[in-house]
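As a plain string of letters, each chain reads:
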Amino acid sequence: MSLLRRIERGGQGDDDSQDSRSPGLKRTAVPAPPRPDQTPRPDGSTYLDLRSRVQNKLLSELDTGIDPQSPEVRATMEELFTTILSEESIVLARAERQRLFEAIVAEILGYGPLEPLLADDTITEIMVNGPKNVYIERAGNLLRSNVTFEDDDHVMRVLDRIVSPLGRRIDESSPTVDARLPDGSRVNAVIRPIALCGPTITIRKFSKKPFTVEDLIRFSTMTPEIAEFMRACVIGRLNIVVSGGTGSGKTTLLNVLSGFIPNDERIITIENAAELQLRQEHVVSLESRPPNIEGRGEISIRDLVVNSLRMRPDRIVVGECRSGEALDMLQAMNTGHEGSLTTAHSNSPRDTLSRLEVMCLMAGMDLPIRAIREQVASAIDLIVHEERLRDGTRKIVKITEIQGMEGDIITMSDIFEFEQTGIEAGRVIGRVRPTGLRPKFIDKIEASGIHLPPSVFGIGMSRY
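What counts, and at which threshold
- Residues numbered from 1 in each chain as written.
- Predicted model: local features only at pLDDT ≥ 70, side-chain atom pairs only at ≥ 80, totals over all residues.
- Heavy atoms only, no water.
- Phe/Tyr/Trp six-rings, centres within 6.5 Å; stacked < 30°, edge-to-face > 60°.
- Helix = DSSP H or I, 4+ residues; strand = E, 2+ residues; numbered from the N terminus.
- Buried < 20%, exposed > 50% of the residue type's maximum accessible area, 1.4 Å probe, protein only.
- Polar contact = N/O pair within 3.5 Å; in protein donor to acceptor, adjacent residues only side chain to side chain.
- Core = buried A, V, L, I, M, F, W, Y, C linked by side-chain atoms within 4.5 Å.
- Contact = heavy atoms within 4.5 Å.

Visitor: What is the right way to read the packing of aromatic side chains from this model?
Guide: Each pair of aromatic rings is reported with the distance of its centres and the angle of its planes. Enumeration over the complete set of coordinates arrives at 4 aromatic pairs. Ring centres of F229 and F416 lie 5.3 Å apart, and the angle between their planes is 55°; this geometry places the pair in the tilted category. Here the residue F229 occupies a position in helix 8 (residues 224–235), and F416 occupies one in strand 14 (residues 409–424), the gap between them amounting to 187 residues. Since its relative accessible area comes to 0%, F229 is described here as buried. Note on F416: relative accessible area 1%, which makes it buried. Following the ring pairs from residue to residue traces out a cluster consisting of F229, F416, F441 and F457.

Visitor: Got a minute to help me understand the side chain of D120 in this structure?
Guide: Mapped onto the elements, D120 comes out in the loop between helix 5 (115–119) and strand 1 (123–129). Taking the relative accessible area as the measure of exposure, D120 reaches 13% and is therefore buried. A distance of 2.9 Å separates the side chain of D120 from the side chain of R138, its partner in a polar contact.

Visitor: Which parts of the structure should I look at to understand the nonpolar core?
Guide: Note on soluble globular proteins: their nonpolar side chains tend to be buried together. Ranked by size, the top nonpolar core spans 42 residues in total, and within it F229, M230, I240, L257, L382 and I399 carry the most contacts. When residues of this core are assigned to their parent elements, the largest contribution, 7 residues, is made by helix 8. If we ignore the near neighbours within four places in the chain, the residues touching M230 are I240, L257, F260, L382, V384 and I399. Counting residues in hydrophobic clusters, the runner-up holds 31 residues, among them M333, L356, A377 and I410.

In structure tokens:
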């Protein structure tokens, strides 16, 4: 996108004087500076007036044909910035000068006031509730940020800069959108008339370096025994559903589990907004598409699941089942596409089965419940349930085997479960322990050449 087009999409708008970085350059984590000082400067202007004046003059002198992603663009802007300050006889302290320049660069090339928050690796989520209320999640805790926007239009300019490169739109006729940042961070936005408080943006940040199984063990999300068990299940081509509530870490866990897939297999990933960061070489990523302004051209997750079956997949990884695509996913699992992975929102493994039944009915097929349950029991081998605990930590709380049908009921057995032993200094203390039951699908794992020791399941050892 040319610089002129970027400017037309909001480069001339005012923003807070936040210390920011261009998205085309390496971000440097810096704390968000104080909100702009509205007290008059010696020349009678406020800081915002000064920033607006310098920014508009910089835009008028900058070559609009320059590539905003070019390494030279920042140096060019800094040279023009210095010239403008000299011509205007504007004297600033070094810190204030740098702060002003970074704010202007962020507004023209980046995401305005959001830049320092995106640069801070300790922040895991950013929530914009209108122009004056911005919250962040850090270490599992919600905190109010001192970052603000000028008004609703300023938020909309930044939002348009996020969704436009993806070919998506957001306006009064389509007031919601799912998108992603270039680094894979998930973005959801809702605007008026649905959002009464103004444009609302939720950004789920992804780590610049994808989490590994070692990271999850260090975070106490899982134990080494569970990691060994899950690796065996993925290599053994078991069909796995990762379940949990919003923000429980399902996508992160799915990404880690996908890392166990052998490198010589063809993997098809299907998502609403591409988030998975698989490290294998042979990966084909598919992304759904919303309808255009005329209500045509929609490509749903279900369409992509059906199409993926014609793409010779060894593994199908669906980012999330939330509707009728669940039926097609179960059909794929039952027709030779073993080792498939997906996620689903639910409160427990049993609830996951209930949700799958409802999602299958959403496919529009008039199927009896027993037929659906037989499909579920036949297709799914394992449910890994994750929760976000009260202290903000995310842990695997249950790993449950689907054993089959008894009458009209799907039978299940817990292989691992989380046992809380107490709370210390606000932190939940506990550990995921084996229940002592050996899963029925162990023969399938051993057929793939992996032999797990009985101690992984707590057999022959004390649970405490």
